[in-house]
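Overview (structure and organization)
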Amino acid sequence: MPQAKQSPQPPSSVEFTAATIIEDYRVGFRSRQASIIGRKEVLTGKAKFGIFGDGKEVAQLAMARAFRKGDIRSGYYRDQTFMFATGMADVEQFFAQLYAHNDIRFDPFSAGRSMNSHFGSRMVDEGGAWTDLADQYQSSSDISPTGSQMPRLVGLAYASKLFRELPELREMQQFSRNGDEIAWGTIGNASCAEGMFWEAVNAGGVLGIPMLISIWDDGYGISVPNEFQITKGDISAVLTGFQREAGRTNGYDIYTVKGWDYPSLCETFINASAVVRTEHVPGIIHVVDLTQPLGHSTSGSQERYKSRERLQWEESFDCLVRMRKWMVDQGIASPDALNDYEAEDRDSVRAAQRRAWEAYRAPIDAEKAEFVALAEGIAAESAQRETIDTVISEVSRSQAIFRRDLMRSALNVLAAAERRTPNVEALIKWRKDLGEAGAERIGSHLHSESPQAAMAVQEVRPVFSESSPTLNGFEIINACFDAAMRRYPTLMLMGEDVGRLGDVNQGCAGLQEKYGLHRVADTGIRECTILGQAIGMAMRGLRPIAEIQYLDYILYALQIMSDDLASLRWRTAGGQRAPVIVRTRGHRLEGIWHSGSPMAGIINLIRGIYVCVPRNMTQAAGFYNTLLQSDDPAVVIEVLNAYRAKEQRPDNIHEFAVPLGVPEILRQGDDLTLVTYGACCRIALEAVELLKTRGIEVELIDVQTLLPFDVNGMVVKSLQKTNRVLFLDEDVPGGATAYLMREVLETQQGYEWLDSPPRTLSAKPHRPAYGSDGDYWSKPSREDVFEMVYSMMHEAEPGRFPLFFQ
Ligand SMILES: Cc1ncc(C[n+]2csc(CCOP(=O)(O)OP(=O)(O)O)c2C)c(N)n1
Ligand SMILES: [Mg+2]
């Protein structure tokens, strides 16, 4: 029996008959067959890697019984049985993903981009519109880093709370029915040793959200047993502090149940989910005694680390074996009948696997035939016939052919062909088309391709009049947020000190009083799950602006930004999105952990997310207005010391919109192009003034966004005039300035216009030291910029620009 510490009444709508139980068993059995065959497919070289849900089938059948339309899963790679049982996946799709079939019609989870058992449902249609989220079973898209499904889970569940409690969201029937939806987490026992598991569990308890976590406990994390993973070797034992005391505290209902005990599992999942759904009290179901008949994955064998006794125990406690026995004992099905079903199901899985393989092969085989025909034409007219024939016969013989092999062979043939005949031209074109199609097949959807793409948002210029007031920077941002909160009922501001205090720099001051505790919300100090919470909310149609208090602390959230948010749209080939706006502030305060500028780390890790680096609060406001119209995720890094600087507030603060990827020329000049962004704009401006006094006219360009970078090539146009360039920022040497240099010299072909070596000026390689002098000798200063620009001019014209300061 499950040891439910709370015992709610089961809903009467869940029906159990002999037929439904047999059908459950058959789903589990087919899932096991899929694992067994899948493993063979990998071991025979038809697929590259396999990880399967064998040994966890029965618990997932029970979970599926309690899962409702509108609910959403955030799980990991063991959940194929659950996916089959809910109909979110079928066996053919499962194999399509195993083979990496790059087509959403076959692998709807990831278009072959993720390894197998990384599931996800299509929540956004091909035109970029939301599907009917409240009326379908859903799975958020799985990722491999252990525990990384947990931060997102918090937000998926939190969205239900907002839908239930905020009258302004009532209309959103496509997304929620009164917040009745549960977010279902699944996680392996060993992954519970990850920090983000604890952060997410704590956040879920604090928030009081409908989140139900199932822990699949098979005693191991690959080879490492529970005693090395978890204190006391028992996750539910150490979770007891999270147990709620009914009527007295918040917290969780925690259940433990054996993974081979079908009736207890069904009872537990049904009862537990009823409380979570109706009362929004989170729950944890610790499913113990699970096994892993085929081992962890296709790499490695468990015989190397599991004792013979353990392996024997696993055999006899195999959940499907136990369920089968129970069915026979209860008279639900006879062994003969079950034998017949099993034979039928074995065949059906095999047939599905073959169909998936054929479907995967068909277009590639057609391309292979095209290639062979083209190559034969070239061979017939070439003196290198033998070499080309060898290439052809290699391709023809190969069984598990990939497009990669065709690309490789095509170049080999072209390398052997000595003349550019019509046949050779045809192969060149064929190879180019295959290359481009491959790039699209693998690379599409990094950013939004929908009509709401950030890059499609129309610029609206700021309007200033005589009555435009001059305000503190923070008041500008505050006015922007106030207008946006009024305009978008889905907009939620959240983060540390955002609510009551109105953020540490007052950008949100007064907004909680106006819009309520939920729409302007304080969170715990938990950057990773602030980000995850925002991802889950945004996946369910809400618009969070998630605040990370200081840029330096984005490192806590960076892994989730990188692994989950940045890759979400791409890894689902457009099937899911989370238009989160991450708001943070940085570059300039005090000391190591409040004035860092780790921009290269950020921009290199979060491709797929736009990065805006406004130099002042007006530009920041313009970016928020742009991003709120779009379905792309982005980070906006405000400049810390600009909150108290005076700026004129545009009259159209509620709607003026700054386009992404369009730099602004802050000063015109003919001598040298100085490229910078954010806080360095002010330093650069001061240096430019001093340089003017020595007769040097600098063209100062604020790039405004690092991702995307200068889409119209404004910098290279400036270079055509000045022929000299300096890149300036506060990152480490070779950090984001190296990125800027590569964009200008390589992407924009700026090297052609250079008369002087291109230079970078950045902070020191150490972290910024505390105090004014610490800062001065850590970060680039006005004097540094002056000296570097002046020296570059001196190198070009020593007579005109003598080194008066050296
Ligand atoms: C962050 C991270 N570290 C390490 C791994 C490699 N890895 C993959 S699965 C796994 C074990 C997970 O064990 P558990 O959570 O118990 O899940 P199980 O596979 O046993 O179901 C490890 C260490 C990973 N994927 N991600
Ligand atoms: Mg495990």
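Quick note: structure is the one above.
As the structure is a computational prediction, the values presented were derived from the model and not from experiment.

1. Considerations on the overall build of the chain
The number of helices and strands found in the chain is 25 helices and 22 strands. Relative to the 2.2 N^0.38 estimate, which gives 28 Å for 806 residues, the radius of gyration of the chain is 30 Å and therefore close to what a compact globule would have. Judged by the C-alpha coordinates and their principal axes, the chain covers about 100 × 85 × 50 Å. Going through the 806 residues of the chain one by one, you find that 61% of them count as buried. Carbon and sulfur atoms make up 51% of the accessible area of the chain, which amounts to about 31,000 Å² in all. For the chain, the distance from the average site of its 85 positive side-chain charges to the average site of its 106 negative ones is 1 Å.

2. Considerations on the coordination of the magnesium ion (ligand 2)
The magnesium ion (ligand 2) binds to the protein through N189 (OD1), D218 (OD) and Y220 (O), with metal-donor distances spanning 2.0 to 2.2 Å. Between consecutive donors of the magnesium ion (ligand 2), the numbers of intervening residues give the motif N-x28-D-x1-Y.

3. Here's the deal with the side chain of R403
Checked against the element boundaries, R403 lands in helix α13 (residues 403-416). For R403, a relative accessible area of 18% puts it in the buried group. Sequence-distant contacts of R403, that is, excluding residues within four places in its chain, are made with P363, I364, E367, L434 and R441.

4. Here we look at the packing of helix α15 (residues 473-487) against helix α20 (residues 617-628)
For the pair α15 and α20, interaxial distance at closest approach is 8 Å and the crossing angle is 15°. By the angle between their axes, α15 is roughly parallel relative to α20. For the element pair α15 and α20, the recorded crossing hand is right-handed. Two secondary-structure elements touch here, α15 through G473, F474, I476, I477, C480, F481 and A484 and α20 through M617, T618, A620, A621, Y624, N625 and L628. Of the residues in the contact of α15 with α20, the class split is 11 nonpolar, 3 polar and no charged.

5. Comments concerning the packing of helix α21 (residues 680-693) against helix α25 (residues 782-796)
Put simply, α21 and α25 touch, their axes get as near as 8 Å, and they point 50° apart. As judged from the angle between their axes, α21 and α25 are oblique. The two elements α21 and α25 cross, and the hand of that crossing is right-handed. On the side of α21, the interface is formed by I683, E686, A687, L690 and L691, while α25 contributes R782, V785, F786, V789 and Y790. Its residues placed into classes, the contact of α21 with α25 shows 8 nonpolar, no polar and 2 charged.

6. Observations regarding the nonpolar core
Among the nonpolar cores identified, the biggest contains 89 residues, and M599 and L706 are the most heavily contacted of them. In terms of residues, this core owes the most to one element, helix α5 (residues 149-165), which gives 9 residues. The contacts of M599, once residues within four sequence positions are left out, are L551, H587, V611, V613, I637, Y677, L706, D731 and A736. Membership of the second largest hydrophobic core comes to 86 residues, among which are I22, V27, F269 and I332.

7. Some thoughts on the site of ligand 1
Near ligand 1 lie 17 residues; those nearest to it are Y76, Y77, R78, N189 and S191. A distance of 2.7 Å is found between an oxygen atom of ligand 1 and a side-chain nitrogen or oxygen belonging to Y76. Here a nitrogen atom of ligand 1 and a backbone polar atom of S144 are 3.1 Å apart. Here ligand 1 loses 71% of its free accessible area of 580 Å² to cover by the protein chains. Class assignment for the residues of the shell around ligand 1 results in 6 nonpolar, 8 polar and 3 charged.

8. Some details on the layout of surface pockets
If you add up the space inside the largest pocket, you get close to 530 Å³. Taken together, 25 residues line the largest pocket, and the ones lying closest to its centre are A100, N102, Y360, F402 and I442. Among the secondary structure elements, those contributing two or more residues to the lining of the largest pocket are α4 (91-98), α11 (335-381), α13 and α14 (422-443). Looking at the lining of the largest pocket, the element that brings in the most residues is α14, giving 6 residues.

The rules behind each value
Residues numbered from 1 in each chain as written. Chains lettered and ligands numbered in written order. Predicted model: local features only at pLDDT ≥ 70, side-chain atom pairs only at ≥ 80, totals over all residues. Heavy atoms only, no water. Helix = DSSP H or I, 4+ residues; strand = E, 2+ residues; numbered from the N terminus. Rg over C-alpha atoms; globule rule 2.2 N^0.38 Å. Buried < 20%, exposed > 50% of the residue type's maximum accessible area, 1.4 Å probe, protein only. Areas by Shrake-Rupley, 256 points an atom, 1.4 Å probe, with all protein chains shown as cover. Lys, Arg positive; Asp, Glu negative; His and termini not counted. Charge placed at Lys NZ, Arg CZ, Asp CG, Glu CD. Donors = N, O, S within 2.8 Å, 3.2 Å for Na, K, Ca; no water. Contact = heavy atoms within 4.5 Å. Axes fitted to C-alpha atoms, helices over the stretch in contact; angles between N-to-C directions. Parallel < 35°, antiparallel > 145°, perpendicular 65-115°, else oblique. Left-handed = near helix turned anticlockwise from the far one by under 90°. Nonpolar A, V, L, I, M, F, W, Y, C, P; charged D, E, K, R; others polar. Core = buried A, V, L, I, M, F, W, Y, C linked by side-chain atoms within 4.5 Å. Near = heavy atom within 4 Å. Polar contact = N/O pair within 3.5 Å; in protein donor to acceptor, adjacent residues only side chain to side chain. 1 Å grid on protein atoms, 1.4 Å probe; cavity = no way out; pocket = protein on both sides within 12 Å on 5 of 7 lines; lining within 4 Å. Points joined across faces, edges and corners; volume = space filled by probe spheres on them.

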